[in-house]
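# Descriptive analysis of the structure
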Amino acid sequence: MSCAPAMPPHSNPHFRADIEGLRAIAILLVIGAHYAIPGLSAGFIGVDIFFVISGYLITGILVREYEKTASINLARFYANRFRRLLPALAVVLIISCYAAFHILPQDLNLPNSISAAAASAWVSNIYFTFADRNYFDAGTQNNLFLHTWSLGVEEQFYLFWPLLLLALTTAAKKGTKSRKQKIAVYCIGILAIISLTACMITAQAQPVIAFYMMPLRAWQFASGALAWLALRHHTLSNRQTCFVQWAGIALLLASMVFIHHHQTYPSLLTLLPTAGAGALLIAGGKPAPESDIHRYFARQPNHAGNRRHLLLMVFVALASADPGRKHGSNQREFDQYGSSHQYLADISPFVAQIHRNARAFWPFVARARISSACIVFDLYRAVELTIHSLPY
């Protein structure tokens with residue numbers, strides 16, 4: 001059987017089921033790491049996979065729009081990102097703030113409320129950087145919104161990347177299509193090298209900065225962009241596609257073996273999941289007979305998992321907190337604490353399902369108004385939590 005995958009039928013001609021499956025696997029890796037499942041201690045590499053996928057998809061969206069219209073509508077692009085992410089984020093923040101106030105120890109209210117406010121503005125990664133919150137420290141795991149740092153990095157990438165591509169297309173406006181493509185590849189490649197070098201140097205002295213800050217993670221997004229450009233302009237044979245697929249799988253497996261949470265991260269080992277994800281993206285985009293690997297990724301749980309992963313991450317954070325730290329805790333409080341965790345687990349898929357179905361029939365204006373109301377309410381709850389946390 002050939003190792004080259006086929007593009008599945010879908011209403012969107014650019015949709016790839018294997019990417020949705022890769023996303024689902026990345027989510028499961030992160031969940032496995034937070035639940036300390038044996039063999040998945042390096043599951044946080046799922047975030048690296050997401051960064052590569054984002055670079056790949058966003059570059060494709062922007063380049064196709066430019067080729068079709070000779071411009072990039074920044075307002076529409078930002079609005080689409082806003083509509084895609086804000087409603088789900090607002091639901092997560094509102095539920096989590098309410099649950100945190102009634103469930104978690106009072107001494108966690110202040111850091112959680114500050115983190116919630118930062119997450120609502122998509123800058124929680126910057127907050128955790130300057131608060132010197134190492135992602136791998138045990139104490140940091142008690143922060144309910146720690147997992148929003150990657151969403152902040154993604155949003156900052158969304159703000160920066162269209163401007164970069166516009167600058168590149170403007171600089172090569174009078175050139176041929178081939179020349180524009182070469183300029184894009186060279187510039188993105190140089191950006192990736194500079195970002196990677198800066199990331200590795202910074203990680204030795206300030207690993208927290210290297211972990212959270214978007215400019216030092218830009219090389220992973222750029223890797224995804226280069227994968228899209230490589231797939232767009234180079235054709236692989238079936239044998240080459242087979243090799244690239246298995247190489248990508250091998251790199252991801254090697255990541256799980258050689259990367260550990262007690263190591264400095266990011267490091268040169270971060271190249272393993274980054275290159276592995278890029279290889280799978282390249283190999284999965286060739287229209288040819290399906291392979292076993294492609295079918296495996298394509299049938300992984302995708303849409304529902306991607307819609308609810310933020311809610312699930314919040315539940316994981318709640319479930320990981322130490323109930324014994326509750327002031328005046330007793331067995332009754334402990335039981336109530338556990339029951340609340342189960343309640344969050346039960347309602348999270350329901351809330352995610354509401355959001356997913358609502359996208360089919362809510363007008364944009366109504367959705368935008370509701371999203372704005374949710375974020376205002378979330379900020380109000382964050383302020384309220386802060387006030388309750390201050391000493392009297």
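Residues numbered from 1 in each chain as written. Predicted model: local features only at pLDDT ≥ 70, side-chain atom pairs only at ≥ 80, totals over all residues. Heavy atoms only, no water.

## Topic: the overall build of the chain
Scanning the chain for helices and strands turns up 15 helices and zero strands. A total of 392 residues make up the chain; the buried ones form 50% of that total. (Helix = DSSP H or I, 4+ residues; strand = E, 2+ residues; numbered from the N terminus. Buried < 20%, exposed > 50% of the residue type's maximum accessible area, 1.4 Å probe, protein only.)

## So, the nonpolar core
Counting residues in hydrophobic clusters, the biggest one holds 79 residues, and the most contacted among them are Ile49, Trp149, Trp161, Leu165, Ile188 and Tyr212. Beyond its immediate chain neighbours, meaning those up to four positions away, isoleucine 49 contacts Leu22, Ala26, Leu29, Leu252 and Ala277. (Core = buried A, V, L, I, M, F, W, Y, C linked by side-chain atoms within 4.5 Å. Contact = heavy atoms within 4.5 Å.)

## Looking at the environment of alanine 222
Residue position: alanine 222 is located in helix H9 (residues 218-233). Separated by 37 residues in sequence, alanine 222 and valine 185 have C-alpha atoms that sit 9.7 Å apart.

## Details of the pattern of salt bridges
Following the criterion strictly, the structure yields five salt bridges and no others. Salt-bridge contacts for glutamate 20 lead to arginine 23; the nearest nitrogen and oxygen are separated by 2.4 Å. Separated by three residues within a single helix, glutamate 20 and arginine 23 lie in helix H1 (residues 17-34), roughly one turn from each other. Comparing glutamate 20 with arginine 23, the two get one shared label, buried. (Salt bridge = Lys/Arg side-chain N within 4 Å of Asp/Glu carboxyl O.)

## Quick word on the side chain of serine 150
Note that serine 150 resides in helix H6 (residues 149-171). On the accessibility criterion, serine 150 (18% relative accessible area) is buried. The contacts of serine 150, once residues within four sequence positions are left out, are Val47 and Phe51.

## Observations concerning unusual backbone geometry
Here the bond from tyrosine 265 into proline 266 is cis, since omega is 5°, no more than 30 degrees from zero. The backbone phi angle of alanine 36 is positive, close to 55°, even though this residue is not glycine. For alanine 36, a relative accessible area of 61% corresponds to the exposed category. Positive phi values are uncommon outside glycine, yet alanine 70 reaches one of about 65°. Mapped onto the elements of the fold, alanine 70 is located in the loop between helix H2 (45-69) and helix H3 (74-103).

## Some remarks on helix H4 (residues 109-120)
Helix length check: H4 (twelve residues) gives 16 Å between terminal C-alpha atoms against 16 Å at 1.5 Å per residue, within 8%. For H4, the buried fraction is high: nine of the twelve residues fall into the buried class. Along H4, the residues that are buried comprise Asn109, Pro111, Asn112, Ser113, Ser115, Ala116, Ala118, Ala119 and Ser120. Remark: tryptophan 122 follows H4 within two positions and exhibits a positive phi of approximately 60°. (Expected span 1.5 Å × (residues − 1).)

## Quick word on a nonpolar patch on the surface
Nonpolar side chains collect at one region of the surface, where Val185, Tyr186, Ile190 and Ile194 lie side by side and expose about 420 Å² of accessible area between them. Topologically, valine 185 is positioned in helix H7 (residues 177-205). The class for valine 185 is partly exposed, based on a relative accessible area of 33%. (Patch = residues over 30% accessible without salt bridge, like charges linked within 9 Å, V, L, I, M, F, W, Y side chains within 5 Å. Areas by Shrake-Rupley, 256 points an atom, 1.4 Å probe, with all protein chains shown as cover.)

## A look at the environment of leucine 104
With respect to the helices, strands and loops of the structure, leucine 104 is situated in the loop between H3 and H4. Note on leucine 104: relative accessible area 1%, which makes it buried. Through-space distance from the C-alpha of leucine 104 to that of asparagine 142 is 9.4 Å; in sequence the pair is 38 residues apart.

## Observations regarding the packing of aromatic side chains
Within the structure shown, the criterion is met by 19 aromatic pairs. Pairing phenylalanine 77 with tyrosine 78 gives two aromatic rings, centres 5.7 Å apart and planes at 65°, and the pair type is edge-to-face. The partly exposed category is assigned to tyrosine 78, whose relative accessible area is 25%. The interplanar angle of 55° and the centroid separation of 5.3 Å between the aromatic rings of tyrosine 127 and phenylalanine 128 together place this pair among those described as tilted. Against the face of tyrosine 158 rests arginine 81, its NZ or CZ located 5.7 Å from the ring centre. In this arrangement the basic side chain of arginine 217 is found over the ring face of phenylalanine 211, its NZ or CZ atom lying 4.9 Å from the centre. (Phe/Tyr/Trp six-rings, centres within 6.5 Å; stacked < 30°, edge-to-face > 60°. Lys NZ or Arg CZ within 6 Å of the ring centre and 35° of its normal.)

## A short note on the packing of H2 against H9
Two quantities define a packed helix pair, namely the angle between the axes and the distance from one axis to the other. Contact geometry of H2 with H9 gives a least axis separation of 7 Å together with a crossing angle of 50°. Our classification of the angle between H2 and H9 gives oblique. Regarding H2 and H9, the two cross each other, and that crossing is right-handed. Together, Asp48, Phe51, Val52, Ser54, Gly55, Tyr56, Thr59, Gly60, Val63, Arg64 and Glu67 of H2 and Gln220, Phe221, Gly224, Ala225, Ala227, Trp228, Leu231 and Arg232 of H9 make up the contact between the two elements. Tallied by class, the residues present in the contact of H2 with H9 amount to nine nonpolar, six polar and four charged. (Axes fitted to C-alpha atoms, helices over the stretch in contact; angles between N-to-C directions. Parallel < 35°, antiparallel > 145°, perpendicular 65-115°, else oblique. Left-handed = near helix turned anticlockwise from the far one by under 90°. Nonpolar A, V, L, I, M, F, W, Y, C, P; charged D, E, K, R; others polar.)

## Here's the deal with the packing of H3 against H6
Put simply, H3 and H6 touch, their axes get as near as 11 Å, and they point 170° apart. With respect to H6, the axis of H3 lies roughly antiparallel. Contacts from Leu74, Phe77, Tyr78, Arg81, Leu85 and Leu89 of H3 reach H6 at Leu151, Glu155, Tyr158, Leu159, Pro162, Leu163 and Leu166. Broken down by class, the residue content of the contact of H3 with H6 amounts to eleven nonpolar, no polar and two charged.

From the geometry alone we can't say anything about function, so treat these as descriptive.
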